[in-house]
Number of protein chains: 2
Amino acid sequence: MCGTDSPASINKGSLPSANGNGTRSPTCSSDRVLNLEQGDPSVFQSYWSKMEDKCTMVISGSQLMSYISDFTTLCWFMEPEFQEAVRRLHRVVGNAVVDDRYIVVGTGSTQLYQAALYALTSPGGPEPVSVVSAAPYYSAYPEETDYLRSGLYKWAGDAYEFDKNGTGPYIEVVNSPNNPDGTLREAVVTNRGDEGKLIHDLAYYWPQYTPIIRPADHDNMTFTFSKSTGHAGSRIGWAVVKDKEVARKMSKFIEMSTLGVSKDSQQRAAKIMGVICDGYKNFKSDELFFEHTRRVMAERWERLRQVVDRNQVFSLPKYPKQYCLFSGELIEPYPGFAWLEAKEKEEEIDSQKVLRGCIKVQGRTGSRFGVAQKYTRVSLLSNEEVFKEFLERLSTIKSMTSNGH
Amino acid sequence: MCGTDSPASINKGSLPSANGNGTRSPTCSSDRVLNLEQGDPSVFQSYWSKMEDKCTMVISGSQLMSYISDFTTLCWFMEPEFQEAVRRLHRVVGNAVVDDRYIVVGTGSTQLYQAALYALTSPGGPEPVSVVSAAPYYSAYPEETDYLRSGLYKWAGDAYEFDKNGTGPYIEVVNSPNNPDGTLREAVVTNRGDEGKLIHDLAYYWPQYTPIIRPADHDNMTFTFSKSTGHAGSRIGWAVVKDKEVARKMSKFIEMSTLGVSKDSQQRAAKIMGVICDGYKNFKSDELFFEHTRRVMAERWERLRQVVDRNQVFSLPKYPKQYCLFSGELIEPYPGFAWLEAKEKEEEIDSQKVLRGCIKVQGRTGSRFGVAQKYTRVSLLSNEEVFKEFLERLSTIKSMTSNGH
């Protein structure tokens, strides 16, 4: 689910980072705001443009009309073809254990996060269960947890803080690789007996962003079509769940929330995942999906680090190389976001404001992620034109004072 | 949203009322349970089969990838083509005022119902707002209102009861034509000053089910693709809203709930609505959509009433003829559900149990709709094979005692 919450704060006249439907193309003009606040995954569009003939989805007027996919299964609104494609993709990539696990489809992993909260807390007790995640945490977690003022669960902030001072039943959300900062993570709350439950948000645990260090095998894992292949507009996500009762309750949540998940999009996702997997089976594609997208992300990070190193205003996280089971190589992570930290020592410096004021780049402030506003998250998943414009603008910034560029 | 909640209670081995994807065809065997509990709108599939060439949706691998449809609009994830199609369809049918109204797209009207509750109650006060609807009310309202134990709103039951004894701020959901009983309705809670707000669930306010007595012009109206055209699997609904702030909050809810709505399905809905409207513009179709579907529903009701009149075990509601602005005729309602009432005087008789036990027909008990269990709701929207089997079984039932058929 990570990366694309709350575009409402973007003003009219800003430049979307995406090329929505392939027809409304953004143009770069230096006096327009470059919107890199959301993580719209436009970077992968060019790959799919080259694959058009293989990926084209055709749906006749009388297909996919029923609410029901298979009443004999726990997740009765999940298309069997979608479930098969998900299992096959994970087996090809090796990033998650799917044998003897339940799959639950959702309207993006945003919905699955909420389905998991419901499943792990209902029917509920006298007090809502605390939901925590280690800061810097994904900026949408607090809002998505609290907007309905549920009596089942409530946002309780930074997991490190909860580990020190918190009490009672809790859910820790482990986002790995983490949005915003790209680090591979483990749970941080420890020694609580059976009071804690875990949700692993693995939206970015794919080879274009990170070494695949092991097949993830956690109790409750969520993934999304948006970040794995770049098809955010389809709103498709899935959970891989160990416990049958949790999977059943998650399905029940989705039934009560939206009475199922678009079959058109489930079938489209199945098709696109199938094309990726066929590529690895046949080795006939010019360039396979994860190799292509990893190469693009690696190039972006190299270009970004050159600019950041040169002007010495921001720093970026350093990531250790790790052995990737998918590629069979020691490789670096290439996260979907740059987590920029102002080098000036003053903690209160507002780097988002500086980026917006000096070079008209809209990122998201660190305070939204539970840390200081010297940090700003900037999307690296825009199309090439916008990314190039971002680097050009970033190269002109010479200091964190507003007149210094 | 009306009609298709909670299939979880259906056992394995039951017969779905739908022909899901056009390939998994149900077969009728007298020893299998006929599932008519949900309102899966399979009845309209044969019409769309004949229209295949006009309605086929083609989506290439690189289209509709962005989260964003139009950042300059309030509902930034709504495809402009979808919005235009919705406005055009309402203008052709004349069932709702759409000029100077906001349109909000949702993942089915199930999500829009919850979006409206959020919009009308947030940020909330010390006590949750009471949500009521006149019994018999749609069976999913209580669960969809209460499953997250929201502090913003809570289900408070029958609106007639609330009108007599209830106090404080409230939302009345007016479902017209009403599911389960097919009646055209008005709000029933009166004389409360500005304490009350209304949601009009107009899922069935289409010419195949009811005379269109006027263009509906309420504050907050919801509609669904599922019941208007029969495409339930796409999970598309829309709201027509007068107040900008309410529309903005509903969009915000959908952003927090699912980060938008499947673009694949929005585009498919736009295409299918366009085909319907083109038919009325050109008058070239063999039979236009609403004429065809109304004829089918009228025939079903005629056949149903013959069986019910003959065996004298149940009664059905009588509906007055009213002038329909769409057809220009005095016509009867033909609801999507039969609301069967056992004729025996004993209030506690369980007609759902009798139908299940005697003729293996699974309906939904009146107690789920807030009334006596002498009532059972049975879907009339199945495919022809299943509907015919239902009538054959119903004709064999001779009394409400379990051995009497």
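Each value, and the rule that gives it
Residues numbered from 1 in each chain as written. Chains lettered and ligands numbered in written order. Predicted model: local features only at pLDDT ≥ 70, side-chain atom pairs only at ≥ 80, totals over all residues. Heavy atoms only, no water. UniProt positions renumbered as here; feature names shortened; annotations may be inferred. Buried < 20%, exposed > 50% of the residue type's maximum accessible area, 1.4 Å probe, protein only. Helix = DSSP H or I, 4+ residues; strand = E, 2+ residues; numbered from the N terminus. Pairing = 2+ DSSP bridges. Contact = heavy atoms within 4.5 Å. Buried area = accessible area lost by both parts, 1.4 Å probe. Salt bridge = Lys/Arg side-chain N within 4 Å of Asp/Glu carboxyl O.

- Where an unreviewed UniProt entry is consulted, chain A appears under the name L-tryptophan--pyruvate aminotransferase 1-like, with the organism given as Prunus yedoensis var. nudiflora.
- Under the UniProt heading Sequence similarities (unreviewed entry), the entry covering chain A gives this text: "Belongs to the alliinase family."
- Recorded in UniProt under Cofactor (unreviewed entry), the annotation for chain A is "pyridoxal 5'-phosphate".

**Considering the pairing of strand β6 (residues 170–175) of chain B**
All names here are of chain B.
Phase 1: Summarising burial for β6: six of the six residues are buried, a large majority.
Phase 2: Both faces of β6 are covered, namely the face carrying Tyr170, Glu172 and Val174 and the face carrying Ile171, Val173 and Asn175.
Phase 3: Pairing of strand β4 (residues 129–133) with β6 involves three bridges; the strand directions are parallel. Within the sheet, the bridge partner assigned to Ser130 lies in β6 and is Tyr170.
Phase 4: Where β6 lies against strand β7 (residues 196–201), six bridges are found, and the strand directions are parallel. Counterpart to Asn175 in the pairing with β7 is Asp201.

**Observations regarding the interface of chain A and chain B**
Phase 1: Of the residues lining the interface, 83 residues belong to chain A; the matching set on chain B comes to 83 residues.
Phase 2: For chain A, the biggest contributors to the area lost against chain B are Met65(A), Tyr67(A) and Leu148(A); these three give 12% of the whole.
Phase 3: At the junction of chain A and chain B, the tally comes to four salt bridges.
Phase 4: The leading source of residues in the side of chain A that touches chain B is helix α8 (residues 244–258) of chain A, at six residues.
Phase 5: Of the pairings in the sheet, the one linking strand β2 (residues 57–59) of chain A to strand β2 (residues 57–59) of chain B comprises three bridges and is antiparallel in character. Bridge pairing links Met57(A) to Ile59(B) in β2(B).

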